[in-house]
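Examination of the molecular architecture
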Amino acid sequence: MRHEIWSKFCGFIDLPLDDFMRVQASYLLEQLDFLGRSDIGRKFLGNKAPRSVEEFRERVPLTSYDDYYPFFSERNDEGLPEKPYVWCRTSGRSGIYPFKWIPFTRQAFNKHSEHAMATVIFGGCSKRGEIVMEPGDTILYALAPRPYMSGAIMADGLVHQFDFNFLPDIKTAEGMSFQDRTKVGFQLALKKGLDFFLGIASVLVAVGERFERGEGGGFSRELLHPATLRRILGGVMKSKVKRREMLPKDVWNLKCVGTGGTDTQVYRKRIAHYWGKEPVEAYGCTEGGIISIQTWGRRGLVFVPDTNFLEFLPVEPPAGPDGITRAQVAAARAVAERNGRGETRAPIRTAGEAVGGTLLLDQLQEGVTYEIVLSNFLGGCLVRYRTGDIVRINTKGDPELGIQIPHMHFFGREQDIIDLSGFTRLTEVILWKALEESGVRYTDWVCRKEYDGDRVFLRLYVEPKEARPEKEIRDLVHEQLREIDHDYAALVEITGRVPLEVTLLPQGAFSGYMAEMARRGVELAHLKPRRMGPPAGNLGLLQRAGAP
Amino acid sequence: MVLRHSRKTRANRYLALYLGAIGYWQFGSLMVTITSMEGSAGAADLWYTMVVAGSGSYFGLYLPFIHAFLQPDRFRTLVKLSYLFSLGVILISVFSREMFITGVSTHPKTGLFIPELGPLAMPSLIPVFGMSFVALSFQITAFRHSRSAEFRNRILYLMIGYALVVIGATANMNETLRGYPIDVAANLVNAVLLTVVLVRRELVELETVAHRAFSYVVAVFFITGIYVAAILAGERYLRGVLGYTGLALSFGIGVIAVLVLYPLREWTVSLADRLFYGQRTDYYERLRHFAGALARILDLDHLARTMLEMVSRTFDVDNVHLFLWERDRETFVCWAGGGLSANPKAPSFSARGELARRLETLGAPLTALDLEIRPEMRSIPWQERAKLEELGAELMVPLLSRETLIAFLAAGPKRNLSPWYRRDIELLAAFADQAATALGNARYFEETRRLALTDPLTGLYNRRFLREVLPQEEKRLQAEGLPLALLMIDLWGYKKYNDRYGHQYGDEILKEIGRFLRDEVGEKGYAVRYGGDEFLVVLPDTDEQTGGLIRDQLDKAFVDFFDCSPWVDPEFPLAANLGLETAGGRDAQEILAAADAAMYRDKEKMAENTSRAQEQTEPPQRASLSLDTVMGLARIVDQLVPYLAGHAERVERLSVEVGLALGLQPREVKVLSHAALLHDIGLIASPTEVSNKQGPLTREEIAQIRRHPVAGEAIICCIELLRPAAPSVRHHHERYDGLREGPFPGYPDGLQGKAIPLGARIIAVVDAYDAMTADRPYRTGRSLEEAVKELERGSGRQFDPNVVGALLKILRRGSVLPR
């Protein structure tokens, strides 16, 4: 029944914060008891597992992947508390490791797949308790396949939970490349309809742009299928009535668009324009699975209570907003370093109530950024693991929707944040948004912090799709940055300088770069250069790759 | 309403179409009735076409609606065909209505219109029957497979709605009934039912509705019938007697009948229940009234078994388990199981766990579905959930006594696979409410009984128990001729522990022995604390040979136990003398006396063996030599400094008490004992005239005296056995705050806080206390109150506050040894 389905998958948003914290504590204590019986558990918890949340936070140091590498690198089950149900790996380069392997138990897999369902339900509903999915609904997923977390948890988890009709079906899709799978998926969607889309936002935007430009895929026999024909004719009629080019929303009536990653925030409006549905976001990482989900109100992402124990390392805010002194920062950093093993990567803001250098969810403040520290529940192995992911707390709850759990937004990966003169911390999302809003048509971009004597500035390397002078692009992006980021605006006002330069890359720079990387046998996830602060070598290759 | 609710799901869309088809049908039907009333055929054929096409379309859309609602994974093509059929029927009725109705004639007698059916009218019934059959089979399958009472209820509502429509449609085919708007009423009710099923979250259980209606019918039928009969009979009788009757008289008879027959109301309700529920009524009634009877059962096992049997019979459950709170273990343990697949070794649940907490807070039954879907239940972690799954528990019912969870029932599935209905849950909750009181009483009784019959120190049975059990065993002995053996046990060497380490230490040994005996005797018999250090094991159904075996096993186990026990000091070996005696035609008291005598014989034999062994091994054992050494050294101090006579022993006894209170391990207590006894041994290195001087000491003399901890350490380090005590001796004059200045400086090393060994901190406090309260040649001792005040003043400065706290607690308890 719909009420039961809603309660089972989405009911966690009704938890008062106290109950949320109780779930966290209860799961943590069970997990400590369970983990403490394994070699890996004893390594972090000692011979006697902590008996309370406070003891856990005081006694157990913060950890990084280095601590787990000996256990995980060979995907060896020995030393783990339970034989993993699935091993997942990160998609991108992770520090000194090409990627990270993370084990998931059966219980954890089930729980994450429940939250994948919650994402789909929230994406489709417009009010509390509404469930629009039905057995046999079609779903197109443009996600990385197994063993990436997105494929293993989102796709396989949904198969496990509900009778969706995958386009193409999971087994067929496993043998296909990402591009082929997406292409076949859309072809099938023309025939069978499309109810749900899960995947990368840019794929949706790319398809929308092709529709808008009237670029069809050419004639093929599949188009003669009656169902396809009916759908296309319906779309043509709708577009004619509205006197514009046919858009995807004329052809398909999507129930839900589910996306993740930084591009969602950038493309949100365009996706709604092309597809008639605002995307719902989920935030997660391979190490922690699904951590927070956006609800139908689309105001930030709500934390889920039962996948990880969540702690938050306060990150230094941009210049002096709430009276935190440097000394306090230094003190808090010292605490974190003492509890952690090595260097503290992100500067820590102090908090008198912080235990072991971290805060809990019920201690967070609105508008402040934090690094997420997580400990897996349900037989997982990570303990007080620093994710390096920075999130901003939007609100402590949403009274309009009756949600009492804090909401967050993904701010950026700690390694991808560029600190400009201590005034502002620019993320990939901010820069990407500015470029999008500037109206400049581009293929792709990267950005670095550079120095010219005592001047510190950003240099944006853009491969444009149209001929425009560098200065014009710089001015347009600069204006948008001032609008989007108040700290950037403050920096400009105080220094009286424009801390941005633009360098145009030759046409084909990014495709050439990717071709070169593919030739070198680099993995799919590393084909593209890092957007924020790419190494000088990568920049050189970009410039060479696009050269005639 | 449905359209407003949501158009996004297929079920809602089909329901909207389905309701549209009903409207189409009803409009035609209404127009037929109006036309009939006007008496002119007019467009009657059109309205009849609408009736036929509307009903055909209605039945055609029923299958897609049911398919979308129940979501079975079958017959998708048939569903599509069914949808097309409905569409086709409507289209045909619009464009070619003569395919269904060719014309209308008037019935010669009734004057009603009779439709003349076209070529497609009857054949269209064939697919209608087929589709209806498939839809019905979906509902029956879903009903049978569903474990949700709520979902089953919904299906029942759907089926009743459908049955009403079939009745209405059939009524149209009957010439007599055709004139009445039966189909209209049936369709209206069905439309309401369908909408309610789809839109409303909670539906009243259909069984409850039916039961209530049935009760009213039975009551009305019987009571009204009897009233009417009474009035008629009264009137007739009175007419015969009085010759007349009137309204007032009838009313009077009616009132009397109501008053006299009022008790019948309950009888009719019970009759209705019996007719409605059949045999289940008996069980429900028994369960309802049984709870009261439970209060009289005080035996916990009996009570648990009775409760479970009752529950499993009433609800015909596969298994039901009773989990009882065990205070000592902070656990809910499976006390008993009922039903065919009950597992008496079911896993226990932590009393601090979330399941217990949630049951206590909720105070109402919790279903497996609740666990899955209620947000606040998410705090119940997966291992507790896994245990419940392992049990197959579908319903957990808390038993609360004064808002504290004392037990809970975990009931499995019913054997007929029907779900737990709301009525079942309410009944079980009411039962649990009363059973909790009974259970509380039984537990209290059991606890009181246990306390009355057990020795509080060792936890073994006491002599009162023996007085109860021995006559019973004696009766069995005489009546059934069953053997009985008694095993008397006496501890050899125990007294020395009391003398040497104090009674508290001795008690710890007895506690250990109590645990040991309970484990060893187990189910074989009863272990009783007979006297101070004497124990008795009663072994029913045990003959001489078996008793001998048990004695030998226990003898060996005692040797191992004494070897391994941390409380047993090798310097003071412990042993057990065992005397066994079996019935041999005597009464229990005689056997007891004989067992006692046998034990004494064993004791004498051991004494003989020991003295012979001592003679053979001429050099005395090292342990006792060492002990003698310690005692001898302590006596030297007494002789050298007369005013310190007895000081060391007093400090030692009180230090041991404080050490035990602070949770020291047995071996640590022994080291502390040695250190406390010898803490002033270094004084023998100081000139006698200085240590005995009665006036104030010069600075040099003070310096000489302050060397005694270091000297003491050097002395006792010479003796291997005493070496662990050396640090406590060296540091017993350190100050807790580490101060080396002032009238009472810390020395010799100026250690501070926890850097000072705990033994030394204990001795420092006890030494000061004894020094303050003891008389000296130059002053009388202070009062206890003054000493306490002084200790409190020095707490945290001169003395460890924890140690001071422990000592004060002992002093306030009055357990300080008399001087």
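Residues numbered from 1 in each chain as written. Chains lettered and ligands numbered in written order. Predicted model: local features only at pLDDT ≥ 70, side-chain atom pairs only at ≥ 80, totals over all residues. Heavy atoms only, no water.

**Remarks on the side chain of Thr454(B)**
Applied cut-off: Per the convention used, a helix needs a DSSP run of H or I reaching at least four residues, while a strand needs a run of E reaching at least two, with both numbered from the N terminus. Note on contacts: a residue pair is in contact if any heavy atoms of the two residues lie within 4.5 Å.
Looking at where Thr454(B) falls in the secondary structure, it is placed in the loop between α16 (422–453) and α17 (463–480). With sequence-adjacent residues up to four places away left out, Thr454(B) is seen in contact with Gly459(B), Leu460(B), Tyr461(B) and Asn462(B).

**A word on the environment of Ser126(A)**
Residues and elements named next belong to chain A. The condition that has to hold: With a 1.4 Å probe rolled over the protein chains alone, any residue whose accessible area is under 20% of its type maximum counts as buried; one over 50% counts as exposed, and the rest are partly exposed.
Within the secondary structure, serine 126 sits in the loop between α6 (106–124) and β3 (138–142). A residue is classified by how much of its surface remains accessible, and serine 126, at 47% relative accessible area, is partly exposed. In the structure, serine 126 is positioned 170 residues away from tryptophan 296 in sequence and 5.7 Å away in space, judged by C-alpha atoms.

**Thoughts on the interface of chain B and chain A**
The condition is simple: For any pair of parts, buried area is found by adding up, for both, the accessible area (1.4 Å probe) each one loses once the two are put together. By salt bridge we mean one thing: a side-chain nitrogen of Lys or Arg within 4 Å of a carboxyl oxygen of Asp or Glu.
Counting residues at the interface gives 30 residues for chain B, matched by 38 residues for chain A. For the pairing of chain B and chain A, the buried interface totals around 2,800 Å² over both sides, and the portion due to carbon and sulfur atoms is 50%. Linking chain B with chain A are four salt bridges. Arg22(A) is the salt-bridge partner of Glu354(B), the closest N and O atoms lying 2.8 Å from each other. If you list the elements that add at least two residues to the side of chain B that touches chain A, you get α2 (10–38), α6 (149–173), α13 (354–362), α14 (368–373) and α15 (382–391) of chain B. Broken down by element, the residue count for the side of chain B that touches chain A peaks at four residues, all from α15(B).

**Side note on the packing of aromatic side chains**
Here is the rule we go by: Any Phe, Tyr or Trp ring, taking Trp's six-membered ring, that has another such ring centre within 6.5 Å forms a pair; planes under 30 degrees apart are called stacked, those over 60 apart edge-to-face, and the others tilted. Think of it as a cone above the ring: NZ of Lys or CZ of Arg counts as a charge over the ring if it is within 6 Å of the ring centre and within 35 degrees of the ring normal.
Across all of its chains, the model carries 55 aromatic pairs over all chains by this definition. Where Phe122(A) meets Trp296(A), the ring centres are 6.1 Å apart and the plane angle is 35 degrees; that geometry is what we call tilted. A residue pair is termed long-range when its members are at least 10 positions apart, and Phe122(A) in helix α6 and Trp296(A) in the loop between β8 (289–294) and β9 (301–303) qualify at 174 residues. A residue is classified by how much of its surface remains accessible, and Trp296(A), at 13% relative accessible area, is buried. When the centroid spacing of 5.4 Å and the interplanar angle of 50 degrees are considered together, the rings of Phe561(B) and Phe562(B) count as tilted. Residues Phe561(B) and Phe562(B) agree in their burial class; the two are buried. Put simply, the rings of Tyr18(B), Trp25(B), Tyr58(B), Phe59(B), Tyr62(B), Phe65(B), Phe69(B), Phe151(B) and Tyr162(B) touch in pairs and so form one group of aromatic residues. Note that Arg463(B) overlies the ring of Tyr530(B), its terminal NZ or CZ placed 4.1 Å from the centroid.

**Focus on the sheet that holds strand β17 (residues 455–464) of chain A**
All names here are of chain A. To keep things clear, this is the line we draw: Strand pairing follows a simple DSSP-based rule, namely that at least 2 bridges must link the two strands. Note on method: axes are straight lines fitted to C-alpha atoms, helices fitted across the in-contact stretch only, with angles between N-to-C directions ranging 0 to 180 degrees.
Spatial ordering of the open sheet is given by β16-β17-β18, a layout of three strands whose pairing is mixed. The open sheet has two free edges, formed respectively by β16 (442–452) and β18 (500–504), since each of these has just one partner strand. Adjacent strand axes in the sheet meet at a mean angle of 25 degrees when their direction is disregarded. Where β17 meets β18, five bridges bridge the pair, whose relative direction is parallel. By the bridge assignment, arginine 459 is partnered in β18 with glutamate 501. Docked against the sheet, helix α19 (residues 536–546) engages β16, β17 and β18, running at close to 135 degrees with respect to β16.

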